[in-house]
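Secondary and tertiary structure notes
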Amino acid sequence: MKVIIGLILMLGFVSLNAKAKQIAIVIDDIGYHQRDLELLTLPGQVSYSILPHTPYAQAFATLASKTNKELLLHIPMQALNGKELGPGALTLNMNKEQIQQILGTALASLPQVKGVNNHMGSALTQQGQAMRWIMEVLKKRHLYFLDSRTTELSQAQNAANFLGVENIGRHIFLDNITTPEQLQLRLDELKQHATEHKFAIAIAHPYPETIAFLRHVLPQLSKQGFELVPVSKLVERKYIQLAEKY
């Protein structure tokens, strides 16, 4: 951690005082449907998290790179509810070699990604040892980890901190309920968090109701004093703020 902070200071990053109220929105669960490709027309710097080995993962990643959109790998991890995970999943019965091989293969299939977040994972993210095995892979590849925080008992960020992997956590799930009223309520919570803490991260999904809502509200953010940024900008901001405390 001290090495990371030292490097930030040596690079001479400017103070963050002028950079207020930044928001990142990540659309999860990308890759299963051709209609996902249309999501790249959402306005602004929305980030997208792609499920590995899905039918449209490669096409989406290629188009996203051409339009300068930030991508994450949405790696499936075992959940407490036992839901089906899909291809490339990491489970509790896997050893270190299996977890790292499966994760490495998924990352190799999507070299465009800048970070990783968990798809489900309420069971696996509670396991500190498994999360450290995952973070070893991310550290070698210089990728950040976004904890989707599907459980309050997640050990993901602790493991990332232990191994010096840059990381950050989700603040709001935007669309657990997809009525216009609930979507607006969650967006208001996101903006309130960003106002109080200078930044906030939301995770959303490619539901038609969510996408229609985002097309309407995203162009208004800048007029309301919020800046929509890729997740990596908020990861960077986190470590700059840590550096400024020293």
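Refer to the structure above for everything that follows.
Right, let's walk through the structure included here. The structure displayed is predicted, hence computed values, not measured ones.

1. A few points about helix α4 (residues 128-141)
Taking 1.5 Å of rise per residue, the 14 residues of α4 would be expected to cover 20 Å, and the 20 Å separating its terminal C-alpha atoms lies within 8% of that figure. Taken as a whole, α4 has its buried residues at Gly128, Ala130, Met131, Trp133, Ile134, Met135, Val137 and Leu138. Looking at the buried positions of α4, the neighbouring elements they touch are β3 (71-77), α3 (96-109), β4 (115-120), β5 (144-147) and α5 (156-163). Remark: His142 follows α4 within two positions and exhibits a positive phi of approximately 60°.

2. A short note on the nonpolar core
By size, the foremost hydrophobic cluster in this structure holds 60 residues, and its most contacted members are Tyr48 and Met135. Top contributing element to this core by residue count: α4, with seven residues. In this structure, Leu72, Phe173, Phe199 and Val229 belong to the second largest nonpolar core, which totals 15 residues.

3. Topic: the pairing of β3
β3 sits mainly inside the fold: seven of its seven residues count as buried. The alternating pattern of β3 places Leu71, Leu73, Ile75 and Met77 and Leu72, His74 and Pro76 on opposite faces, both of which are buried. Direction of pairing for strand β2 (residues 47-50) relative to β3: parallel, over a ladder of three bridges. Counted as the bridge partner of Tyr48 is Leu71 from β3. When β3 meets β4, the two strands line up parallel, connected through six bridges.

Criteria and cut-off values
Residues numbered from 1 in each chain as written. Predicted model: local features only at pLDDT ≥ 70, side-chain atom pairs only at ≥ 80, totals over all residues. Heavy atoms only, no water. Helix = DSSP H or I, 4+ residues; strand = E, 2+ residues; numbered from the N terminus. Expected span 1.5 Å × (residues − 1). Buried < 20%, exposed > 50% of the residue type's maximum accessible area, 1.4 Å probe, protein only. Contact = heavy atoms within 4.5 Å. Core = buried A, V, L, I, M, F, W, Y, C linked by side-chain atoms within 4.5 Å. Pairing = 2+ DSSP bridges.

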